[in-house]
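# Examining the three-dimensional arrangement
Below are the chains, spelled out letter by letter.
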Amino acid sequence: MANKRTLKHAINLICEELFAEAVAASLYGNDPNRDNADALLQSIIRLQSDYISRISHVEPGIMPKKYFKILRISFTKEADEIIDQINNL
């Protein structure tokens, strides 16, 4: 397991890239729907803040190694869903 700082940095970088791609897709896409783009950008910001705060506060009763493994898997799953939404803009 990487340390918390490295994990936070990685999540921030991924969310920044997702945000930039979503903005580019909304500006240069074929069918610019402002409401969908705004909702997508808000979900990226919510994803980032949720996972950053979850790194700092490990849930009691779960071994840290298992907790961070579950955290990485769920972050990857949600990031993939956002990527699919960006592709559909």
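## Brief notes about the pattern of salt bridges
With the rule as written, the count across this model stands at one salt bridge. Across the pair Asp-50 and Arg-54 runs a salt bridge, and its minimum N-O distance is 3.8 Å. Here the residue Asp-50 and the residue Arg-54 both occupy positions in helix α2 (residues 34-56), the gap between them amounting to four residues, near one helical turn. The partly exposed category is assigned to Asp-50, whose relative accessible area is 32%.

## A short note on helix α3 (residues 64-87)
Along an α-helix, residues three or four apart share an orientation, since each turn contains 3.6 residues. Here α3 contains 24 residues, and its C-alpha end-to-end distance of 34 Å stays within 8% of the 34 Å for a straight helix at 1.5 Å per residue. Taken residue by residue, α3 has Tyr-67, Phe-68, Leu-71, Ser-74, Phe-75, Ala-79, Ile-82 and Ile-86 as its buried positions. Buried residues in α3 make contact with α1 (4-28) and α2.

## Re the packing of aromatic side chains
With the rule as written, the count across this model stands at two aromatic pairs. Centroid distance Tyr-51 to Phe-75: 5.3 Å. Interplanar angle 75 degrees. Geometry classified as edge-to-face. Here Tyr-51, found in helix α2, pairs with Phe-75, found in helix α3; they are 24 residues apart in sequence, far enough to count as distant. Note on Tyr-67 and Phe-68: the rings are 5.4 Å apart at their centroids and 75 degrees apart in plane angle, and the pair reads as edge-to-face. On the basis of relative accessible area, Tyr-67 is assigned to the buried category, the value being 4%.

Definitions and limits used
- Residues numbered from 1 in each chain as written.
- Predicted model: local features only at pLDDT ≥ 70, side-chain atom pairs only at ≥ 80, totals over all residues.
- Heavy atoms only, no water.
- Salt bridge = Lys/Arg side-chain N within 4 Å of Asp/Glu carboxyl O.
- Helix = DSSP H or I, 4+ residues; strand = E, 2+ residues; numbered from the N terminus.
- Buried < 20%, exposed > 50% of the residue type's maximum accessible area, 1.4 Å probe, protein only.
- Expected span 1.5 Å × (residues − 1).
- Contact = heavy atoms within 4.5 Å.
- Phe/Tyr/Trp six-rings, centres within 6.5 Å; stacked < 30°, edge-to-face > 60°.

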